[in-house]
Protein chains: 2
Amino acid sequence: MAESGAKSAKSQATQKYQRQQRTNDPDQTRADILEAAEDQFARRGYAGTTIDSIAQKTRRSKRMIYYYFNSKAKLYVAVLENAYARIRVAEAKVNLGEDDPRQSLKNLVDFCFDFHFDHPTYVKLIVSENLNEAKYLTASSLVGELHRPILQRIDQCLRLGYQKELFHQVVTPMEIHMTLSGLCFFNVSNRATFSAIFDADMTSAAARRARKQQILLTILGRLNTTMDGFVSDFS
Amino acid sequence: MAESGAKSAKSQATQKYQRQQRTNDPDQTRADILEAAEDQFARRGYAGTTIDSIAQKTRRSKRMIYYYFNSKAKLYVAVLENAYARIRVAEAKVNLGEDDPRQSLKNLVDFCFDFHFDHPTYVKLIVSENLNEAKYLTASSLVGELHRPILQRIDQCLRLGYQKELFHQVVTPMEIHMTLSGLCFFNVSNRATFSAIFDADMTSAAARRARKQQILLTILGRLNTTMDGFVSDFS
DNA sequence: GAAAATATGTACTAGTTCGAACATTTTTGA
DNA sequence: TCAAAAATGTTCGAACTAGTACATATTTTC
């Protein structure tokens, strides 16, 4: 700025324009921008992300980002919606209608754990959205409906378990969902500090397998056990 | 800048200096700055926080912040260390030596849940530190040792439970710690998006009580159940 | 009671970043 | 085929922000 500006520059934006073979591909450009933006927002949070860094990653110019998304905030919302849509679509495919409801839950645990493990970018997005008190998510409105189905499906699964006397404890689907999400989410979201503190690699294949097993046992254990005597004694 | 700068200002920093009664109180100033910084860093993350906003909150000038902490990064590390120190001190007071190890675990669950619930600022700090891949935490070095004791104490508690045949399942202390921390942490860290999605108030007294109970049951259930037959069949 | 050390206030600089203005090229449709 | 529309590249400016320079005030120490 100090050397280049204010000297003799007066709309000479033309001279260095390289005429080169270029193919217009707006859909691809849009998708590229979304992908790069997701990566950057996840990595650095909303405030920490610069539009320029996204542009650089797409190997397209900043101009394109404003052309397609108008502002940083709108781009961020688009990224969020995109990410949520992906997990819901994937989740809908999980089989929760097994004869043995324990197997249904195992399917769900498998999916939930693996999805989070394999999509740290998704996790980080939600983390950073929570840091701004879900400001942008609330604006987005359509998210609530997307989540209703999973609660219903868990509910059916639990009912079958009670009916077959495989599950002894009464819990709401919401509680199961919260426990499962929480465990799978935390395993990814807090990796960095956990690794720093305990000096353990949480991303190895062995760690992955072990932790998934623990979560499965935790969820099933919650449904299998009756601590009523003890807990009411003490609480 | 456009109006005020470059006109006739040449080191006239004196004219408006208000001479007023002032009491030097460096310790208080330092503490004030730390507190305001913790709040801001937690609320907006590292990148989103401006030194000016911290200065404003303390009702002291930016100058003081640099005087005591030298740089934004060093201030951030000080905030982190301060926060970790607080939770460790509190945790050390939890009684894990009960005759009934279930009661010991209940004490631990109580503490862990309440601490997170009552200190959302602490939670957010760790969240944002995870977003930067624990860069600053790793630099801080002393954190690892702070965490060793809790694992040992859980270990003793579990051994007693096995010995008394109250716990049937073998788990490592690390796994219990991770599950417990994860559940307590998530309940606070992901409140915003969860509330937005499910339109539920997670901060009410009733929600608090209910969720704590669920977590207690989840932890105890994990230790009380034997799913070996089922799990090895399917995994 | 003055000099040194400590603490605080104000103005400014250098660098960064969002977004806009301007220039150009490719595609589409009549 | 050519004009309008869509897509893309480049430069600039206004605003913000970390950190510095300079001025001043209060406390401590000898």
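Remember, predicted model here, so these are calculated numbers, not experimental data.

How would you explain unusual backbone geometry if you had to name every residue and give the values?
With phi around 55 degrees, A:D199 is a residue other than glycine that occupies positive phi space. Mapped onto the elements, A:D199 comes out in the loop between α10 (191-198) and α11 (205-224). For B:A134, which is not a glycine, the phi torsion comes out positive at approximately 60 degrees.

Kindly report on the UniProt feature "DNA-binding region" (unreviewed entry) in chain A, identifying the contributing residues and their values.
Mapped onto this numbering, the UniProt entry gives "DNA-binding region" (unreviewed entry) at residues 50-69 of chain A. What you have in residues 50-69 of chain A is 80% helix and 0% strand, and the ends, taken at the C-alpha atoms, are 14 Å apart.

Go over the interface of chain A and chain B with me, naming the residues and quoting the values.
Listed by partner, the interface residues are 62 residues for chain A and 62 residues for chain B. Taking both sides of the interface into account, the surface hidden between chain A and chain B amounts to around 5,700 Å²; carbon and sulfur atoms contribute 69%. Contact with chain B buries area across many residues of chain A, yet A:L131, A:I197 and A:F198 alone supply 12% of it, more than any other trio. At the boundary of chain A and chain B, one finds two salt bridges. On inspection of chain A and its partner chain B, the count reaches 12 residue pairs in polar contact (both at pLDDT 80 or more). With 12 residues, the top contributor of residues to the side of chain A that touches chain B is helix α9 (residues 173-189) of chain A. Classifying every residue of the side of chain A that touches chain B gives 28 nonpolar, 23 polar and 11 charged.

Hey, could you go over the environment of B:F115 for me, with residue numbers and the actual values?
Residue and element names in this part refer to chain B. The topology assignment puts F115 in helix α5 (residues 101-118). According to the relative accessible area criterion, F115 is buried, its value standing at 9%. Sequence separation between F115 and A90 is 25 residues; the distance between their C-alpha atoms is 8.7 Å. With near-sequence residues (within four places) excluded, F115 lies in contact with I87, A90 and Y122.

Go over the packing of helix α1 (residues 26-48) of chain B against helix α3 (residues 62-69) of chain B, please, and point to the residues and values.
Residues and elements named next belong to chain B. Relative orientation of the contacting elements α1 and α3 amounts to 100 degrees, with a least axis distance of 10 Å. As the angle between them shows, α1 and α3 are arranged roughly perpendicular. Contacts from P26, T29, R30, I33 and L34 of α1 reach α3 at M64, I65, Y68 and F69. Along the lines of polarity and charge, the residues of the contact of α1 with α3 split into seven nonpolar, one polar and one charged.

Requested: an account of helix α8 (residues 143-163) of chain B, with residues and values cited.
With 21 residues, α8(B) extends 32 Å between its outermost C-alpha atoms, agreeing within 8% with the 30 Å of an ideal straight helix rising 1.5 Å per residue. Immediately beyond the C-terminal end of α8(B), within one or two residues, lies B:E165, with a positive phi of roughly 60 degrees.

Let's hear about the relation of the copies chain A and chain B: which residues, and what values?
Copy one and copy two of the chain differ by a rotation about a common axis and a shift along it. Turning chain A through 180 degrees and shifting it by 0.0 Å along the axis lays it on chain B, with an RMSD of 0.1 Å. What the superposition gives is, in effect, a two-fold axis relating one chain to the other. The C-alpha atom lying nearest the rotation axis in chain A is that of A:G221; the distance is 2.5 Å. Take the interface residues of chain A: 100% of them recur as interface residues in chain B, which is what a same-surface contact looks like.

Mind laying out the pattern of salt bridges, listing which residues take part and the relevant values?
Residues and elements named next belong to chain A. Under the definition given, this model contains 28 salt bridges over all chains. Across the salt bridge formed by D118 and R208, the nearest N and O atoms sit 3.1 Å from each other. Of this pair, D118 sits in helix α5 (residues 101-118) while R208 sits in helix α11; the two residues are 90 residues apart in sequence, bridging distant segments of the chain. Because the salt bridges share partners, they merge into one network encompassing K106, D110, D114, D118, R208 and K212.

So what's going on with the packing of helix α1 (residues 26-48) of chain A against helix α4 (residues 72-91) of chain A? Residues and values would help.
All names here are of chain A. Two numbers describe how α1 lies on α4: the axes approach to 9 Å, and their chain directions differ by 105 degrees. Classified by the angle between their axes, α1 and α4 sit roughly perpendicular to one another. Only K72, A73, L75, Y76, A78, V79, N82 and R86 of α4 make contact with α1, whose side of the interface consists of I33, L34, A37, E38, F41, Y46 and A47. Among the residues forming the contact of α1 with α4, the class breakdown is 11 nonpolar, one polar and three charged.

The rules behind the values
- Residues numbered from 1 in each chain as written.
- Chains lettered and ligands numbered in written order.
- Predicted model: local features only at pLDDT ≥ 70, side-chain atom pairs only at ≥ 80, totals over all residues.
- Heavy atoms only, no water.
- Helix = DSSP H or I, 4+ residues; strand = E, 2+ residues; numbered from the N terminus.
- UniProt positions renumbered as here; feature names shortened; annotations may be inferred.
- Contact = heavy atoms within 4.5 Å.
- Buried area = accessible area lost by both parts, 1.4 Å probe.
- Salt bridge = Lys/Arg side-chain N within 4 Å of Asp/Glu carboxyl O.
- Polar contact = N/O pair within 3.5 Å; in protein donor to acceptor, adjacent residues only side chain to side chain.
- Nonpolar A, V, L, I, M, F, W, Y, C, P; charged D, E, K, R; others polar.
- Buried < 20%, exposed > 50% of the residue type's maximum accessible area, 1.4 Å probe, protein only.
- Axes fitted to C-alpha atoms, helices over the stretch in contact; angles between N-to-C directions.
- Parallel < 35°, antiparallel > 145°, perpendicular 65-115°, else oblique.
- Expected span 1.5 Å × (residues − 1).
- Least-squares fit on C-alpha atoms with pLDDT ≥ 70 in both.

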